[in-house]
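Architecture at a glance
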Amino acid sequence: MELLIKNGFVYDPINGVNGEKMDIATRDGKIVENVNESKALKIDASGMMVMPGGVDIHCHIAGSEVNTGRLLRPEDHFRDFERKTPKTRSGVGYSVPSTFTTGYRYARMGYTTIMNPSMPPLEAKHTHEELNDTPMLDKATYPLLGDWWFVLEYLKDGKIEECARYVAWMMTTTKGYAIKIVNPGGLEAWGSGRNVSSIDDQVPYFGTTSREIIRGLCKVNKLLNLPHTIHVHTNNLGKPGNYLTALDTMKCVEDLASGDKPAIHITHCQFCAFKGSDWRTIKSGAEEIAKYVNNHSHVTLDTGQVIFTDTTTMTADGPFQYGLHELSGNKWVNHDVETETSSGIVPFRYRRKSYVHAIQWSTGLELALLVRDPWKIFMTTDHPNGGPFIYYPRIIAWFMSRKARETTLKKINPRAESRSLLPSTDRELSFYEIAIMTRAGQANALGLKDKGHLGTGADADIAVYNINPETTDPSKKYRTVRRAFENAAYTIKGGKIVAKNGEILRHVKGATMWLDVQVSEPIKITEEMKRRFREYWTVEYENYPVTENYLEVSHPTTIKADV
Amino acid sequence: MGYVKRKMTIVKAVTCPVCGSLCDDIELTIENGRIVKVKNGCAMCESKFLSHNSEHRVLKPLIRKNGKLVEVSLEEAVKRAAEILAEANYPILYGWSSTSCEATRVGLELAEEVGGVIDNTAVVCHGPSILSIQDIGISSCTLGQIRHRADLVVYWGSNPWSAHPRHIERYTAFSEGRFQRSAWKGYLTKIKASIAKKKIESALRRVFFRRKPSVPPQPRMELPPAMFKEGRKLIVIDVRKTKSAEIADYFMQVEPNKDYELLQAFRALIRDQEIDVDEVAGVPVGYLEEVADLMIRCGFGILFFGVGLTMSKGKLRNIDAALSLVRDLNMRTKFVIMPMRGHFNVAGANTVFTWQTGYPYAVDFSLGYPRYNPGETSVTDVLLRGESEASLIVASDPVANFPRKAAEHLVKNPLIVIDPHMSVTAQMADVVIPSAFVGIEASGTAYRMDHVPLPLKKVVDPPKGVLPDEEILRRILSEVRKLKRKMLVEAA
Ligand code: SF4
Ligand SMILES: [Zn+2]
């Protein structure tokens with residue numbers, strides 16, 4: 001199967017292509033040098049933009065907490081549904097869409113790869129079963145490892161290599177892709193109803209600290225040669241003054257970075273960029289964070305932008321979610337997972353007129369604009385925590401247009417408006433920078449060699465947007481930009497046209513990517529290990545792993561570790 | 001004489017496909033393709049594994065012809081089932097709690113394809129719990145958290161000793177956790193003591209009275225010493241003194257249908273409000289206060305609730321109150337709550353329904369997208385309104401346990417049953433397709449009551465020609481699609 005996309009303005013930042021008019025050819029799911037023009041299926045992309053398929057580094061779309069979010073919110077789905085068609089399955093939205101709908105909605109926006117960021121290892125089968133039912137996308141998922149007892153125990157004893165071997169085992173066992181750390185130490189404490197409040201607090205009963213967990217797993221990450229860095233949701237998330245914790249977290253691995261390579265990813269950074277001492281005095285800490293990130297090369301961020309809408313918050317951060325429940329009075333789900341992690345869910349509405357919410361909205365955009373290097377900060381909403389992913393086009397418009405920002409600024413809480421740094425920020429991002437922050441940079445940070453670019457050999461995942469960069473000034477025509485990104489003219493997945501102008505033409509499965517981490521001395525499953533297993537968990541060792549038959553389309557990458 | 005070598009294998013870590021505890025440490029001995037020994041399981045587990053093949057098994061597909069069920073080929077039965085579903089305007093697809101998630105997944109696709117109503121057995125057990133959770137939320141956890149941390153275990157309207165026999169031993173009061181020891185030893189002494197006490201009492205009665213004492217002893221009038229013991233405590237709250245109640249540190253006998261009052265009294269007490277009456281729901285306020293205090297002072301409490309609460313008077317209100325009680329308790333300490341799910345995979349059915357449709361049960365596809373309105377789109381209501389035109393039942397026996405009027409409507413219309421057993425419903429059916437026992441003769445996935453997914457193993461072969469639910473459903477689905485294509489062509 002050959003495809004030729006002709007005459008588009010190509011944005012391929014990884015290969016340095018900035019809006020040049022080029023043809024893109026694909027054969028059997030890969031980008032190739034050229035194809036036989038007379039035989040290939042042709043797409044006339046003249047007057048349109050061609051980008052690699054979108055990549056989302058952090059969106060909660062599958063697994064136990066997401067599904068409980070769906071269950072918790074019938075009111076979220078009643079008005080937002082999709083009918084069955086001869087090509088597609090039916091489903092419901094809005095902030096926690098059902099699996100098929102999730103896949104279709106991403107595909108309509110030209111996205112082809114997504115990362116599901118919080119998987120409790122014990123419930124990993126659930127995550128993978130849902131990923132199987134999430135079509136149109138290649139996907140991967142991060143096991144939650146920051147509060148896993150094995151990690152806490154080995155790190156306490158300073159046994160980094162031993163810890164690395166277990167993490168390797170866990171990565172392969174759960175078919176995971178990166179080390180996820182959420183409120184390190186705090187989740188274990190939450191198991192007994194407590195929390196930690198700084199990176200140097202002791203984790204009750206375990207004699208270790210958040211700092212040691214982050215540093216330890218950062219070293220483990222390096223020893224294992226994992227393609228992504230540790231992926232960190234900081235302590236004190238969602239609390240006034242927490243930008244200091246975020247800075248502490250970045251600083252604590254400064255010395256572990258090698259060269260210019262990033263060593264830590266701080267996720268949904270907006271939620272940990274609050275200055276001020278309480279909810280009344282809260283303001284943006286974006287300037288301080290951006291300053292640090294601009295001066296250091298070991299950090300990447302994603303924004304966690306807030307959208308003014310009704311959504312469902314869900315994180316593995318049990319104590320944070322409980323706090324949000326107390327604050328909002330909204331219904332609350334808590335789900336702690338033995339030996340590993342916790343999680344919580346609270347529906348939430350971000351209001352323009354709320355001082356705090358408006359500050360959050362502004363902070364997210366400030367981060368994106370004040371961090372100078374787009375390869376260091378990526379666009380997310382921490383879906384659905386800041387808002388549903390379907391609003392990405394709106395964020396792109398804010399990124400690209402002062403005018404778009406001003407229009408919203410006028411409508412927000414006046415006190416928040418007066419404190420916002422946005423009016424003093426002239427920066428308007430280019431399409432090239434958007435391509436970095438929504439695909440190339442994300443693929444780069446994830447170490448996805450075949451994604452996020454259009455060079456020969458890359459996966460033929462391509463988005464064509466109906467917008468002419470030569471004739472459209474995004475600064476003025478931000479609505480046109482938004483509409484173009486809402487429904488890609490063409491979304492191509494694995495060399496096949498799967499969506500066109502918002503219509504799904506083909507239901508394709510998409511693969512689940514995972515790491516087969518090979519260490520020189522893998523841990524041995526002795527009787528002793530099985531006994532320990534039985535002590536820690538309530539399931540047998542044999543029933544714990546996600547066997548490969550759980551992945552309908554399995555796409556492992558073999559990683560050779562240094563231990 | 002020939003010498004036949006007996007082939008014996010042992011399969012470890014088998015998941016028990018009986019109740020929502022989903023114990024996964026069962027060890028089976030297989031001899032010549034038959035299970036001959038079950039280790040680690042409870043009596044319910046043993047009987048399922050040892051006798052799955054003996055009683056009431058259907059082995060051949062059946063179709064009703066001239067009023068009688070006659071054997072047919074699988075192809076014919078599948079075709080007939082597909083015709084029934086494709087022709088019906090508003091079919092029902094019901095069951096799903098005793099099969100694998102994989103089968104349910106196909107079932108949902110089939111329901112969507114035929115524009116029917118799909119529902120699972122939650123509708124007749126923990127449906128109210130789900131509705132309450134959608135209103136209030138739920139503070140919960142996996143069972144291991146309870147084993148490691150809970151120092152207070154409460155069972156309300158649930159008798160695990162009989163319905164989930166290994167629940168207490170594996171996950172709660174008698175299990176050994178990192179931060180909490182098993183309370184097993186204490187109970188042994190207690191049981192011995194109580195047996196001795198009973199013996200002495202009955203001896204005394206025989207010798208001195210030869211009649212029953214006129215006033216029955218009131219065990220709940222005195223606070224048991226266990227209340228002040230160190231470590232884990234077990235409380236049972238129920239309308240009658242069950243087996244579980246007998247081993248509890250404290251048993252609180254609530255008057256029938258008064259659970260709501262008792263729950264509200266607890267809610268008041270933990271908010272430090274005074275209660276102005278002497279007793280609530282038959283329980284003296286003094287004891288209530290004592291137990292409320294225990295709840296507040298514990299380090300980690302868990303409230304398990306069963307159908308005693310969800311199906312007694314006030315259903316929804318009861319669960320609302322229980323969920324709220326536990327939520328409120330989190331202002332004072334760590335407290336969680338969990339429904340005791342009965343069927344081994346009812347949690348899994350809810351889970352798959354939810355990820356594909358957004359809703360856990362009672363999903364109506366008749367408009368081409370998932371609609372959910374329990375009370376309207378639940379099968380029992382559809383049946384009571386007499387609206388359905390055909391039914392497919394998978395691994396369930398609604399004729400035996402639905403309201404009579406609902407069951408009547410069910411059997412009035414074409415009825416397809418997929419089941420390993422010749423159930424009451426199967427006997428009334430128009431098409432019966434025998435299926436393999438999932439978890440014994442077919443593999444798959446099930447979700448424990450705390451939503452931990454566990455693999456179900458295939459340990460022996462099903463009888464010849466008998467397929468797993470998943471496969472049967474796939475064949476029906478593909479046959480339905482063929483028929484619909486044909487109907488389209490004919491219409492054109
Ligand atoms: S308690 Fe339930 S799951 Fe466990 S062995 Fe008994 S019947 Fe099976
Ligand atoms: Zn997140």
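Bear in mind the structure is a predicted one, so any value in this text is a computation, not a measurement. (Residues numbered from 1 in each chain as written. Chains lettered and ligands numbered in written order. Predicted model: local features only at pLDDT ≥ 70, side-chain atom pairs only at ≥ 80, totals over all residues. Heavy atoms only, no water.)

**Some details on the overall build of chain B**
In terms of regular secondary structure, chain B is built from 19 helices and 22 strands. Here the C-alpha atoms of chain B give a radius of gyration of 25 Å, agreeing with the 23 Å that 2.2 N^0.38 yields for 492 residues. Its C-alpha atoms put chain B at 80 × 70 × 50 Å along the principal axes. Relative to its full complement of 492 residues, chain B shows a buried share of 59%. Sequence separation of at least 24 residues holds for 68% of the intrachain contacts in chain B that already meet a minimum separation of 6. Measuring between centres, the 67 positive side-chain charges of chain B sit 7 Å from its 56 negative side-chain charges. (Helix = DSSP H or I, 4+ residues; strand = E, 2+ residues; numbered from the N terminus. Rg over C-alpha atoms; globule rule 2.2 N^0.38 Å. Buried < 20%, exposed > 50% of the residue type's maximum accessible area, 1.4 Å probe, protein only. Contact = heavy atoms within 4.5 Å. Lys, Arg positive; Asp, Glu negative; His and termini not counted. Charge placed at Lys NZ, Arg CZ, Asp CG, Glu CD.)

**Side note on helix H4 (residues 124-132) of chain A**
Counting buried residues along H4(A), 9 of its 9 residues qualify, which places the element largely inside the surrounding structure. Those residues of H4(A) that fall on the buried side of the exposure criterion are Ala124(A), Lys125(A), His126(A), Thr127(A), His128(A), Glu129(A), Glu130(A), Leu131(A) and Asn132(A).

**Notes on the interface of chain A and chain B**
Contacts between the two partners involve 58 residues from chain A, matched on the other side by 62 residues from chain B. When chain A packs against chain B, the two sides together hide about 4,900 Å² of surface, and 51% of this comes from carbon and sulfur. Seen at the junction of chain A and chain B, the total is 9 salt bridges. One salt bridge connects Glu113(B) with Lys84(A), and the closest N-O pair in it is separated by 3.5 Å. Linking chain A with chain B are 41 residue pairs in polar contact (both at pLDDT 80 or more). Broken down by class, the residue content of the side of chain A that touches chain B amounts to 20 nonpolar, 17 polar and 21 charged. Bridge analysis of strand E18 (residues 332-336) of chain A against strand E8 (residues 137-141) of chain B gives 5 bridges, and the strand direction is parallel. Each residue of the ladder has a partner; that of Val333(A), found in E8(B), is Ile138(B). (Buried area = accessible area lost by both parts, 1.4 Å probe. Salt bridge = Lys/Arg side-chain N within 4 Å of Asp/Glu carboxyl O. Polar contact = N/O pair within 3.5 Å; in protein donor to acceptor, adjacent residues only side chain to side chain. Nonpolar A, V, L, I, M, F, W, Y, C, P; charged D, E, K, R; others polar. Pairing = 2+ DSSP bridges.)

**Quick look at the sheet that holds strand E10 (residues 233-238) of chain B**
Residues and elements named next belong to chain B. As summarised here, the arrangement of the 5 strands in space is E11-E10-E9-E14-E15, forming an open sheet in which the pairing is parallel. Each end of this open sheet is capped by a strand with a single partner; those strands are strand E11 (250-253) and strand E15 (334-339). Across this sheet, the average inter-strand angle for adjacent strands is 15 degrees, counted without regard to direction. Pairing of strand E9 (residues 152-156) with E10 involves 5 bridges; the strand directions are parallel. Bridge pairing links valine 153 to leucine 234 in E10. Where helix H13 (residues 315-329) meets the sheet, its contacts fall on strand E14 (300-305) and E15, and the angle it forms with E15 comes to roughly 155 degrees. (Axes fitted to C-alpha atoms, helices over the stretch in contact; angles between N-to-C directions.)

**Quick word on the coordination of the zinc ion (ligand 2)**
All names here are of chain A. Bound to the zinc ion (ligand 2) are the protein donor atoms His58 (NE2), His60 (NE2) and Asp382 (OD), situated 2.1 to 2.2 Å from the metal. Written as a sequence motif, the donor arrangement for the zinc ion (ligand 2) is H-x1-H-x321-D. One end of the pair, histidine 58, is in the loop between strand E6 (54-56) and helix H1 (64-72); the other, aspartate 382, is in the loop between strand E20 (377-378) and helix H13 (392-400), and 324 residues separate them in sequence. (Donors = N, O, S within 2.8 Å, 3.2 Å for Na, K, Ca; no water.)

**Side note on the packing of aromatic side chains**
Counted according to the given criterion, the structure contains 36 aromatic pairs over all chains. Relative to Tyr544(A), the ring of Trp537(A) has its centre 4.9 Å away and its plane inclined at 50 degrees; by these criteria the two rings are tilted. The ring of Tyr111(A) carries Arg439(A) above its face, with NZ or CZ at 5.9 Å from the centroid. Sitting over the ring of Trp149(A), Arg178(B) keeps its end group 4.4 Å from the ring centre. (Phe/Tyr/Trp six-rings, centres within 6.5 Å; stacked < 30°, edge-to-face > 60°. Lys NZ or Arg CZ within 6 Å of the ring centre and 35° of its normal.)

**So, the site of ligand 1**
Residues in contact with ligand 1, as listed here, are Cys16(B), Val18(B), Cys19(B), Ser21(B), Leu22(B), Cys23(B), Cys42(B), Met44(B), Cys45(B), His164(B), Pro165(B) and Arg166(B). Taken together, the residues of the shell around ligand 1 sort by class into 9 nonpolar, 2 polar and 1 charged. (Near = heavy atom within 4 Å.)

**Examining the packing of H13(A) against helix H17 (residues 478-486) of chain A**
For any two helices packed against each other, the geometry comes down to the angle between their axes and how far apart the axes lie. All names here are of chain A. For the pair H13 and H17, the least separation of the axes is 8 Å and the interaxial angle reads 145 degrees. Here the hand of the crossing between H13 and H17 comes out right-handed. Note on element contacts: H17 touches H13 through Tyr478, Val481, Arg482, Phe485 and Glu486, opposite Pro393, Arg394, Ile396, Ala397 and Met400. Classifying every residue of the contact of H13 with H17 by side-chain character gives 7 nonpolar, no polar and 3 charged. (Left-handed = near helix turned anticlockwise from the far one by under 90°.)

**So, the environment of His231(A)**
All names here are of chain A. Structurally, histidine 231 is set in strand E12 (residues 230-233). Exposure remark for histidine 231: the relative accessible area of 0% places this residue in the buried category. Leaving out residues up to four positions away in the same chain, histidine 231 has contacts with Ile57, His58, Tyr142, Ile179, Lys180, Ile181, His265, Thr267 and Asp302. One polar contact links histidine 231 to histidine 58, side chain to side chain, over a distance of 2.8 Å.

**Quick look at the pattern of salt bridges**
Summed over all chains, the structure comprises 68 salt bridges over all chains. The shortest N-O distance in the salt bridge between Arg481(B) and Glu113(B) comes to 2.8 Å. Within this pair, whereas Arg481(B) is found in helix H19 (residues 469-491), its partner Glu113(B) is found in helix H3 (residues 101-114), the two being separated by 368 residues in sequence. Between Lys258(B) and Glu255(B) there is a salt bridge; the shortest N-O distance is 3.1 Å. We classify Lys258(B) as partly exposed; its relative accessible area is 31%. Counted as one network, the salt bridges with shared partners bring together Lys30(A), Asp138(A), Asp450(A), Lys451(A), Asp459(A), Asp461(A) and Lys493(A).

**A closer look at the domain arrangement of chain B**
Residue and element names in this part refer to chain B. Here chain B is described as being made up of domain 1 (56-124 + 345-441 + 448-454 + 463-491) and domain 2 (127-204 + 223-339). Distance between the C-alpha centres of domain 1 and domain 2: 37 Å. Facing the 11 residues of domain 1 at the interface are 13 residues of domain 2. Summed over both partners, the interface of domain 1 with domain 2 buries about 940 Å², with 63% contributed by carbon and sulfur atoms. If you sort the residues of domain 1 by the area they bury against domain 2, Arg448, Met449 and Asp450 come out on top, with a joint share of 51%. For the pair domain 1 and domain 2, the number of links is 0 salt bridges. (Domains from an automatic or database assignment.)

**Some thoughts on the pairing of strand E23 (residues 496-500) of chain A**
Residues and elements named next belong to chain A. Pairing of strand E22 (residues 490-493) with E23, which is carried by 4 bridges, proceeds in the antiparallel orientation. Looking across to E23, one finds that tyrosine 490 is bridged to lysine 500. Linking E22 to E23, which pair antiparallel, is a turn of 2 residues; within it glycine 494 sits at a positive phi near 55 degrees. Strand direction decides the pairing type here: E23 and strand E24 (residues 503-504), joined by 2 bridges, are antiparallel. Among the inter-strand pairings, alanine 499 is bridged to a residue of E24, identified as isoleucine 504. Where E23 folds back onto E24 in an antiparallel hairpin, the turn is made up of 2 residues, including asparagine 501, whose phi is positive at roughly 45 degrees.

**Focus: the confidence of the model for chain B**
Any segment with low pLDDT has predicted coordinates that should not be analysed in fine detail. All names here are of chain B. Averaged over chain B, the pLDDT score is 91; the fraction of residues at 70 or greater is 91%. Here residues 209-223 scores under 50 on pLDDT; set against residues more than four positions off or in separate chains, the count is 20 contacts. This prediction of the complex comes with two scores: 0.95 for pTM and 0.98 for ipTM. (pLDDT = per-residue confidence, 0-100.)

**Quick word on unusual backbone geometry**
Following Gly93(A), the chain continues to Tyr94(A) via a peptide bond in cis, the omega torsion being 0 degrees. A cis amide bond links His383(A) to the next residue, Pro384(A), at an omega of -5 degrees. Its location among the elements puts Pro384(A) in the loop between E20 and H13. Backbone geometry at Asn183(A) places phi at a positive 35 degrees, although glycine is not the residue there. Secondary-structure assignment places Asn183(A) in the loop between strand E11 (180-182) and helix H7 (186-190). Asn183(A) gets classed as buried once you look at its relative accessible area, which sits at 1%. In this model, Ala362(B) sits at a positive phi of 50 degrees, which is unusual for a non-glycine residue. For Ala362(B), the location among the structural elements is in the loop between helix H14 (346-357) and strand E16 (363-364). Under the relative-accessibility criterion, Ala362(B) is labelled buried at 0%.

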